[in-house]
Amino acid sequence: MTMLRRNLKHQLRYPSMTIAIVAMPVLMLLLFVFVFGSALGEGIGLAGDLGAYTDYVTPGIILMAVTSGSISTAVSVCTDMTEGIVNRFRTMSISRGSVLTGHVFGNLIQVTVILVIVVGVALAVGFRPEATFVEWLAALGLVLFLAFGLSWISAAMGMGAKTVEAASNAPMPLTFLPFLGSAVVTTDSMPTGLSWFAEYQPFTPINETLRGLLLGTEIGNNAWIALAWCAGLALVGYFWSRSAFNREATR
């Protein structure tokens, strides 16, 4: 709780990172709805119905907001490592795991705030979900589970980065990975090689599950696949970051 409170205070004192993370998915939402919406909607059979394409693309933008939010974890962990505060923590009677856990749970709270803003903007530009209260809770649980896994992976990236600039760039590929899935267009509209990649990468089943929960579309086996990917990302990120932190502790 102490480390979580410390990270939340940092977010309040330095809001520029949060603002930048919010701005990217919001701008992408406006871009895909009002600039590319008609053309892309026509390509997937939604010609002339901008509202329907807004519904289609919003779940992907929500996932982009989650992936963008993971950047702050890498930056904050790298900042602690390069500024020497971790060396001070090592002399204190605290759990080593609390340092990284504070960053991860602080990021989950930050991502929740970002999601509220992004969904609010989406509703303002025409997003009309059909989800019940329970389905909204399930959708929130899914995206926070994803954010949990990505936060651990970003923490490991922050541990390995030598500078804050490098830490901010390391998670960037994760930000655009949803767009190489079914976030913007259907996977069967892509070239063969890209369609195969889009079909089997983690964000496609997550996106289809989120879309099904919010819009009532078919989910099928995507829910179980999405949960398995989220759990896998969380486990890989956790053990990767803990291993990196323990290596730093023995130097």
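Just above sits the structure.
Caption draft 1: Up close: the overall build of the chain. In terms of regular secondary structure, the chain is built from 13 helices and 0 strands. In the chain, the order of α-helices and β-strands from amino to carboxyl end is α-α-α-α-α-α-α-α-α-α-α-α-α. Over its C-alpha trace the chain gives a radius of gyration of 19 Å, about what one expects of a compact globule, namely 18 Å for 251 residues. For the chain, the spread of C-alpha atoms along the principal axes amounts to about 65 × 35 × 35 Å. Counting the 251 residues in the chain, one finds 49% classified as buried. Accessible area for the chain stands at about 11,900 Å²; split by element, carbon and sulfur atoms hold 67% of it.

Caption draft 2: Spotlight on the packing of helix α7 (residues 96-124) against helix α8 (residues 133-160). Interaxial distance between α7 and α8 falls to 9 Å at its minimum, and their mutual angle equals 135°. In terms of orientation, α7 and α8 fall into the oblique class. Here the hand of the crossing between α7 and α8 comes out right-handed. Between α7 and α8, the residues in contact are Leu100, Thr101, Val104, Phe105, Asn107, Leu108, Val111, Thr112, Leu115 and Val119 and Trp136, Leu140, Val143, Leu144, Ala147, Phe148, Ser151, Trp152, Ala155 and Met159, respectively.

Caption draft 3: Here's a closer look at the environment of Thr2. Structurally, Thr2 is set in helix α1 (residues 2-13). Residues Thr2 and Phe176, 174 residues apart in the sequence, show an inter-C-alpha distance of 33 Å.

Cut-offs and rules
Residues numbered from 1 in each chain as written. Predicted model: local features only at pLDDT ≥ 70, side-chain atom pairs only at ≥ 80, totals over all residues. Heavy atoms only, no water. Helix = DSSP H or I, 4+ residues; strand = E, 2+ residues; numbered from the N terminus. Rg over C-alpha atoms; globule rule 2.2 N^0.38 Å. Buried < 20%, exposed > 50% of the residue type's maximum accessible area, 1.4 Å probe, protein only. Areas by Shrake-Rupley, 256 points an atom, 1.4 Å probe, with all protein chains shown as cover. Axes fitted to C-alpha atoms, helices over the stretch in contact; angles between N-to-C directions. Parallel < 35°, antiparallel > 145°, perpendicular 65-115°, else oblique. Left-handed = near helix turned anticlockwise from the far one by under 90°. Contact = heavy atoms within 4.5 Å.

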